[in-house]
Amino acid sequence: GEDVEQSLFLSVREGDSSVINCTYTDSSSTYLYWYKQEPGAGLQLLTYIFSNMDMKQDQRLTVLLNKKDKHLSLRIADTQTGDSAIYFCAESGGYQKVTFGTGTKLQVIP
Amino acid sequence: SAVISQKPSRDICQRGTSLTIQCQVDSQVTMMFWYRQQPGQSLTLIATANQGSEATYESGFVIDKFPISRPNLTFSTLTVSNMSPEDSSIYLCSVELPQGDGYTFGSGTRLTVV
């Protein structure tokens, strides 16, 4: 079945850039997503990218997709303490089933 | 974009009892999805609920344990039946945003079974 993998933990200093990486196995992925989960909360869709795109930028967020290597990354510029959360990478193909990674816990050090 | 109201936000339940979780969407949606997030884990799809038909369950999940209702295009319930401590998780509902802009989630129900 489909598999999505992420590193479990990332620590950065406030003001630096954060890069969260994700790899996936499903070559038929159509959409790739990044979600944010703050403590005690549900999931918030941050951004998504179509599989025919290489890059998408949305304010402080930059998503890079290397379809050949099945590698997705999320860069957060000027990371703030409010960015501390768990970030989930997810992918979906043609049947609306979304497969999530294990989540990366981002810790921002003041 | 669709907004989901999910309740209860948390509950502590006795072993052997059942809990029904509700999700209300502020717009009509064809499909609603129910996920489980076990402690420290990622999300796992339980089932997909279409209005007017039986829900479709993923491998490892059965209707007797997780009955789902979908009476109309804006509402769904998930029941966790005959609970055991292993059912302690966060349960989330999700719908697809219009024009394929991804999926949005409810705030989740944090269930603890004692």
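Everything that follows concerns the structure shown earlier in this document.
A few points on the structure. Predicted model only: the values in this text are computed from it and were never measured. Residue positions are counted from 1 within each chain, in the order its sequence is given. Naming scheme: in the order in which they are written, chains are lettered from A and ligands are numbered from 1. pLDDT decides what is reported in this predicted model: residues at 70 or higher carry local features, side-chain atom pairs at 80 or more are listed and counted, and totals for whole chains, interfaces and linings draw on all residues regardless. Neither water nor hydrogens contribute to the side-chain values; these are computed over all heavy atoms in the structure.

Brief notes about the interface of chain B and chain A
- Chain B puts 20 residues into the contact, and the matching count from chain A is 18 residues.
- It is Ser 42, Tyr 103 and Phe 105 of chain B in chain B that bury the most area against chain A; as a group they hold 32% of the surface buried on that side.
- Identification of polar contacts relies on pairs of N or O atoms within 3.5 Å, with a donor-acceptor requirement for protein atoms, meaning one able to donate a hydrogen and the other able to accept it, and with residues adjacent in sequence counted only if both atoms are side-chain atoms. Connecting chain B to chain A are 3 residue pairs in polar contact (both at pLDDT 80 or more).
- Elements are defined by DSSP. Helices are runs of H or I of four residues or more, strands are runs of E of two residues or more, and each kind is numbered from the N terminus. Looking at the side of chain B that touches chain A, the elements with two or more residues in it are strand S4 (31-37), strand S5 (43-50), strand S9 (89-96) and strand S10 (103-105) of chain B. Here, two residues are considered to be in contact whenever any of their heavy atoms come within 4.5 Å of each other. Summed over both partners, the accessible surface that disappears when two parts come together, traced with a 1.4 Å probe, is what is meant by buried area.

Digging into the nonpolar core
- Nine residue types can take part in a nonpolar core, namely buried Ala, Val, Leu, Ile, Met, Phe, Trp, Tyr and Cys, and a core is a set of them joined through side-chain atoms within 4.5 Å. Burial status follows relative accessibility: with a 1.4 Å probe on protein chains alone, a residue under 20% of its type maximum counts as buried, one over 50% as exposed, and anything between as partly exposed. Among the nonpolar cores identified, the biggest contains 27 residues, and Trp 34, Ile 46, Phe 66, Ile 68, Leu 78, Tyr 91 and Leu 111 of chain B are the most heavily contacted of them.
- Elements with a minimum of two residues in this core: strand S3 (19-25), S4, S5, strand S8 (75-80), S9 and strand S11 (109-113) of chain B.
- Counting residues per element, this core draws most heavily on S3 of chain B, at 4 residues.
- Sequence-distant contacts of Phe 66 of chain B, defined by excluding residues within four places in its chain, comprise Arg 36, Ile 46, Tyr 57, Phe 61, Leu 78, Thr 79, Val 80, Asp 87 and Tyr 91 of chain B.
- Formed by 20 residues, the second largest nonpolar core is a distinct cluster that contains Cys 22, Leu 32, Val 63 and Val 108 of chain A.

A word on the state of the cysteines
Residues and elements named next belong to chain B.
- When the sulfur atoms of two cysteines come within 2.5 Å, that pair is taken as a disulfide. In this structure the tally under the stated criterion is 2 disulfides over all chains.
- Here Cys 23 pairs with Cys 93 through a disulfide, and the sulfurs are 1.7 Å apart. Linking Cys 23 and Cys 93, the disulfide has an S-S dihedral of approximately -85° and is accordingly described as left-handed. Here the residue Cys 23 occupies a position in strand S3, and Cys 93 occupies one in strand S9, the gap between them amounting to 70 residues.
- With no disulfide of its own, Cys 13 has Cys 23 as its nearest cysteine by sulfur position, at a separation of 16 Å.
- Under the relative-accessibility criterion, Cys 13 is labelled buried at 8%.

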